[in-house]
Amino acid sequence: MPLSFRRLVTGRDAHGKSKLIEDTQIQEGRLGNFNFWRTELGSITNDGELAGEDFPFFANPAGTVFRIFRLPAAQPEKTEQELRELSAAFFSEIAVASCRVDTCRHPFMHVTPTTDYIVLLSGEVSLLLDVGEPIALRPFDAVVQRSTNHAWINTGSDAAILMAVMIGQAYSPKHADMQ
């Protein structure tokens, strides 16, 4: 049976009382994403319409994207060249080539134009950064990813499931003030 997730959306009735306005299943979309909700600057009243449209891969400036994503199981039999080709195809699909600034540590290293709140829900994943050893995550570990070069590495034999809230910002690769 395909994996899906339930999305419940609240709102207000004509008297300002809270109520359930949507209860639906979210199916897996492109690139292993389950897109739940998104907002844009000034979209508070019509953000339900945005949730029904195609999602950008990254949140737009001052917007948000809420999703769950699936990382495929590790494929240790893949050669370095095959990983580079797979990575090139992935980043071509998201159509944001500028997010690949330094891939010398791993072909999936990238920088997002967002601040991301990531929680590992299941599986075995390591966070790879420019400096240091890969950081092993356990289910329910949370990462605040602040527009730095990184890769998510599935180190297990099963797909990993992660939750993400991406908050769009004006991006500059030279965030020298981050500490």
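Not measured: the values here are computed from a predicted model.

What counts, and at which threshold
- Residues numbered from 1 in each chain as written.
- Predicted model: local features only at pLDDT ≥ 70, side-chain atom pairs only at ≥ 80, totals over all residues.
- Heavy atoms only, no water.
- Pairing = 2+ DSSP bridges.
- Helix = DSSP H or I, 4+ residues; strand = E, 2+ residues; numbered from the N terminus.
- Axes fitted to C-alpha atoms, helices over the stretch in contact; angles between N-to-C directions.
- Contact = heavy atoms within 4.5 Å.
- Core = buried A, V, L, I, M, F, W, Y, C linked by side-chain atoms within 4.5 Å.
- Buried < 20%, exposed > 50% of the residue type's maximum accessible area, 1.4 Å probe, protein only.
- 1 Å grid on protein atoms, 1.4 Å probe; cavity = no way out; pocket = protein on both sides within 12 Å on 5 of 7 lines; lining within 4 Å.
- Points joined across faces, edges and corners; volume = space filled by probe spheres on them.
- Nonpolar A, V, L, I, M, F, W, Y, C, P; charged D, E, K, R; others polar.
- Phe/Tyr/Trp six-rings, centres within 6.5 Å; stacked < 30°, edge-to-face > 60°.
- Lys NZ or Arg CZ within 6 Å of the ring centre and 35° of its normal.

*Asks:* I tried to follow the sheet that holds strand β6 (residues 125–129) on my own but got confused; where do I start?
*Replies:* Strand order in this open sheet of three strands is β7-β6-β9, and the pairing throughout is antiparallel. This sheet does not close on itself; its edge strands, each paired only once, are β7 (135–137) and β9 (150–154). Direction aside, the axes of adjacent strands within the sheet are offset by 25 degrees on average. Relative to β7, β6 runs antiparallel, the two sharing three bridges. When the bridges of β7 are listed, Leu-127 appears paired with Ile-135.

*Asks:* Could you clarify how one ought to interpret the environment of Val-143 in this entry?
*Replies:* Positionally, Val-143 belongs in strand β8 (residues 142–146). A sequence separation of 24 residues divides Val-143 from Val-119, and the C-alpha atoms of the two residues are 6.4 Å apart. Those residues within four positions of Val-143 in sequence are excluded, and the remaining contacts are Asp-116, Tyr-117, Ile-118, Leu-127, Leu-137 and Trp-152.

*Asks:* Sorry if this is basic, but what is going on with the nonpolar core here?
*Replies:* General note: in soluble globular proteins, nonpolar side chains tend to be found buried as a group. One finds Phe-69, Leu-71, Ile-118, Val-125, Trp-152 and Leu-162 to be the most contacted residues of the largest nonpolar core, which totals 25 residues. Elements with a minimum of two residues in this core: β4 (64–71), α2 (80–94), β5 (114–122), β6, β9 and β10 (160–168). Broken down by element, the residue count for this core peaks at four residues, all from β10. Every residue in contact with Val-125, bar those within four places of it in the chain, is listed here: Leu-71, Leu-120, Ile-135, Ala-136, Leu-137, Trp-152, Ile-153, Asn-154, Thr-155, Ala-160 and Leu-162. Grouped together as the second largest cluster of nonpolar side chains are seven residues, Val-9, Ile-26, Phe-34 and Phe-36 included.

*Asks:* Just checking my understanding: could you explain the layout of surface pockets for this structure?
*Replies:* Sizing a probe to match a water molecule and rolling it over the atoms shows the empty space that remains. The space that makes up the largest pocket amounts to roughly 860 Å³. As for the largest pocket, its lining consists of 33 residues, of which Leu-71, Pro-72, Phe-90, Phe-108 and Trp-152 are closest to the centre. Here the lining of the largest pocket is composed, by residue class, of 20 nonpolar, ten polar and three charged.

*Asks:* Looking at this structure, I do not really get unusual backbone geometry. What am I missing?
*Replies:* Trans is the prevailing form of peptide bonds, just as negative phi is the prevailing case for residues other than glycine. Although it is not a glycine, Phe-140 adopts a positive phi angle of roughly 80 degrees. Mapping Phe-140 onto the fold places it in the loop between β7 and β8. Phi is positive for Ser-147, which is not a glycine, with a value near 55 degrees. Along the chain, Ser-147 turns up in the loop between β8 and β9.

*Asks:* What's the story with the packing of aromatic side chains in this structure? I'm lost.
*Replies:* The geometry of an aromatic ring pair is captured by the separation of the ring centres together with the interplanar angle, meaning the angle of the planes. Considering all chains together, one arrives at eight aromatic pairs under this definition. For the pair Phe-5 and Phe-34, a centre-to-centre distance of 4.9 Å together with 85 degrees between the ring planes defines the contact as edge-to-face. Taken as a pair, Phe-5 in strand β1 (residues 4–12) and Phe-34 in strand β3 (residues 33–39) lie far apart in primary sequence, 29 residues in all. Both rings, one in Phe-57 and one in Phe-58, keep their centres 5.0 Å apart while their planes meet at 85 degrees; by these two values the pair is edge-to-face. We classify Phe-58 as buried; its relative accessible area is 7%. Aromatic rings pair up to connect Phe-57, Phe-58, Phe-90, Phe-91 and Phe-108 into one cluster. Over the ring of Phe-55 we find Arg-38, and its NZ or CZ is 5.9 Å from the ring centre. The ring of Phe-57 is capped by Arg-67, whose NZ or CZ atom sits 5.2 Å from the centre of that ring.

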